[in-house]
Amino acid sequence: MRPFLLAPPLLFLLLTAGSDVTGTEVNRKPNFVLMMVDDLGIGDVGCYGNDTIRTPNIDRLALEGVKLSQHIAAAPLCTPSRAAFMTGRYALRSGLGSAGSVQVLLFLGGSGGLPPSETTFAKRLQQQGYTTGLVGKWHLGVNCERRGDHCHHPNQHGFSYFYGLPFTLFNDCVPGEGKDVLANLQHRLQNLSLLLALGLVTLVCIRLCGLLEVSLWLLATLTFLSILATAVWFVPFELLATWNCIIMRNQEVIEQPMTVETLPQRLLGEAQNFIKRNADRPFLLFLSLAHIHTPLFRTPAFAGRSHHGRYGDNMEEVDWIIGEVTETVDSLGLANNTLMYFTSDHGGHIEDADARGQNGGWNGIYKGGKAMGGWEGGIRVPGIFRWPGRLPAGKVVDEPTSLMDLYPTLKHLAQDTQPDRPLDGYDLMPLLEGRAERSEHEFMFHYCGVYLNAARWHPPGSDSVFKVHFFTPNFFPPGAGGCYDTKICLCHGVHVTHHNPPLLYDLFHDPSESHPLTPDTEPRFAEILEQTAKAVERHRSTLANAQAPEGSHKHGDTNAQSQMSWEKILWKPWLQPCCGTFPFCGCKEETTHT
């Protein structure tokens, strides 16, 4: 009888223990793996219509998850788009909109960046107990007032671990690939240096030959000016690969300048190791790829594999990297508790081409590209979510969504209910799970720098998505689809054409923005402009000095100081990250990645 009497209590204890284990698994917060490609055109991906570049791993994510067909970047360039993505708010609110020709951070030794007062989704998740990591590109600044204060650094913005490029990959990182940073200014400074040197040599020869009396004071002054002009040109620009092309692990510079050839394998290895290290706890990994920004990689395993030259080879390498990360998640048994997300920071750079072929991406049927304000090709990007068991497989959401929506979505899933500042994004889960059919984005606003370039309206009860362009960039040559004279479009002055009345398109019927509507072709023409104007005014009321000129340093609803003034952007030697003793910076990472 004694075993029989003991059986019910033992059974109760076993059931209770089992219930606890099950509850722990069920209640564990989900993991997040966010994967962002740099400068990827939406037309470069198979599941978005490309049938010549092979992207089976990205396509698999869409097949097993949810694909967004109207996923919109908040800006058509790296720095402002990434700031909006990280904060869930238009970049203008963080002071990262520019009123001039330079719209992205140019030097690691500058003092501009994502303000320390800003809040990122990584910081919110870190406060909820998540282990957070960023592997790859940052491009939102490093230091503020002195070398090593790291006020803009990823570690200060919620990432427990950082490995990668605090700046970005750009042509100056690879000899022979040309120059990206202030090329016209470099050319002028170089010419000035040569002119002063030539003048100095000429005067010395005249003095030595006794043709004229040339004072030593004049020669000394010219010598000083020649040295100064040469230093102003040579030190910041000719050594740019040393200053900007570096790799950091957390706050330590571990490679300067970086070896570009092995970068893809190292970033992949770091991402995989981060997932493996944190498989038993909630984690956020943001894998911010260096692809597919120029210069293009020349990885031997992918050379010549595609039908689209080096760009296609790089795109297929991107797909392989995505597949390897997905396999890591799946092999560790994490798939059912991990939300995976794939996107690009903005559209492809269509003007980027040389004698070897096209170096920039293809934006499919959409007009425009990188840096072209509100044209759809520069801001419509891939958006794919996979979460087996939680999100329906093969679902397509044809509603306006934004990269800014990631912030509130992650907050919701991490069960973060703490107060927050006003956001411009919305939680995507109702759309992704099929609990809602309409996007909460009735209106969206498209900036080019600090200038409101365009706005879209998705009227309630309608499939139409109307887009109003207040101004458009001036393409060159006339009739072309980009700014092939300057290689990148600008947002102000003679570089744009203002429209009164604004240009109006219905993206539902005309996604290529080829046929502007008129009062004769659209019965609601006046109503659309009126409703959009009212929405713009409501939006502007949430901003302070949103259209302020560059000399004004206050932007956004938090009065954030402008981070894009010349004072903030230009190189300052005392802020330059360095391994070694400045200016003798140089080191190589010891790595076992192959």
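So, here's what we can say about the structure. Position labels on residues start from 1 in each chain and follow its written sequence. This being a predicted model, a pLDDT of at least 70 is required before a residue's local features are given, and a value of 80 or more before pairs of side-chain atoms are given or counted; all residues contribute to the totals for chains, interfaces and linings. Side-chain metrics rest on all non-hydrogen atoms present in the structure, leaving aside hydrogens and water.

**Structural notes on the overall build of the protein**
Note on conventions: DSSP H or I runs of at least 4 residues are helices, E runs of at least 2 residues are strands, and numbering of each starts at the N terminus. Counting its secondary structure elements, the protein contains 14 helices and 20 strands. All radius of gyration figures rest on C-alpha atoms, and the globule criterion is 2.2 Å times the number of residues raised to 0.38. On C-alpha atoms alone, the protein measures out to a radius of gyration of 26 Å, which is about the 25 Å that the 2.2 N^0.38 rule sets for 594 residues. Across its three principal directions, the C-alpha atoms of the protein cover 125 × 70 × 50 Å. A buried classification covers 57% of the 594 residues belonging to the protein. When accessible area is computed with a 1.4 Å probe and restricted to protein chains, residues below 20% of their type maximum are described as buried, those above 50% as exposed, and intermediate ones as partly exposed.

**Looking at helix α13 (residues 525-540)**
One turn of the α-helix equals 3.6 residues, which is why residues spaced by three or four share an orientation. Compared with an ideal rise of 1.5 Å per residue, which puts 16 residues at 22 Å, α13 spans 23 Å between its outermost C-alpha atoms and is within 8% of the ideal. The set of residues buried in α13 consists of Phe525, Ile528, Leu529, Thr532, Ala535, Val536 and His539. Buried residues of α13, viewed axially, fall in a sector of 130°; they line one side. Contact between two residues is taken to exist if any of their heavy atoms lie within 4.5 Å; hydrogens are not considered. Residues of α13 that are buried make contact with β13 (443-448), β14 (451-457), β15 (466-473) and β16 (496-506). Expected helix span is given by 1.5 Å per residue-to-residue step, counting one fewer step than there are residues. In this context, the arc is that of the directions from the helix axis out to the C-beta atoms.

**Quick look at the packing of helix α5 (residues 183-209) against helix α6 (residues 216-238)**
Only the stretch in contact is used when a helix axis is fitted, and all axes are lines through C-alpha atoms; the angle between N-to-C directions ranges over 0 to 180 degrees. Relative orientation of the contacting elements α5 and α6 amounts to 155°, with a least axis distance of 9 Å. It follows that α5 is roughly antiparallel to α6 by the angle criterion. Relative to α6, the crossing made by α5 is left-handed. In this classification, Asp, Glu, Lys and Arg are treated as charged, Ala, Val, Leu, Ile, Met, Phe, Trp, Tyr, Cys and Pro as nonpolar, and every other residue, Gly included, as polar. Considering only residue class, the contact of α5 with α6 consists of 16 nonpolar, 7 polar and 2 charged. Oblique is the label for every angle not falling under 35 degrees (roughly parallel), over 145 degrees (roughly antiparallel), or within 65 to 115 degrees (roughly perpendicular). By convention, the crossing between two helices is left-handed when the near helix turns anticlockwise from the far helix through less than a right angle, and right-handed when the turn is clockwise.

**Digging into the pairing of strand β6 (residues 252-255)**
As defined by bridge partners, strand β5 (residues 247-249) adjoins β6 across 3 bridges and the pair is classed as antiparallel. Within β6, the position partnered with isoleucine 247 by the bridge is glutamate 255. In sequence, β5 turns back onto β6 through a hairpin of 2 residues, with asparagine 250 there showing a positive phi of about 55°. Whether two strands pair depends on DSSP finding at least two bridges between them.

**Some details on unusual backbone geometry**
With omega at 5°, the peptide bond leading from threonine 294 into proline 295 counts as cis. The linkage connecting phenylalanine 476 with the following residue, proline 477, adopts the cis geometry, with an omega of 0°. Looking at where proline 477 falls in the secondary structure, it is placed in the loop between β15 and β16. In this structure, histidine 139 takes a positive phi of about 65° despite not being glycine.

Keep in mind these numbers describe shape, not what the thing actually does.
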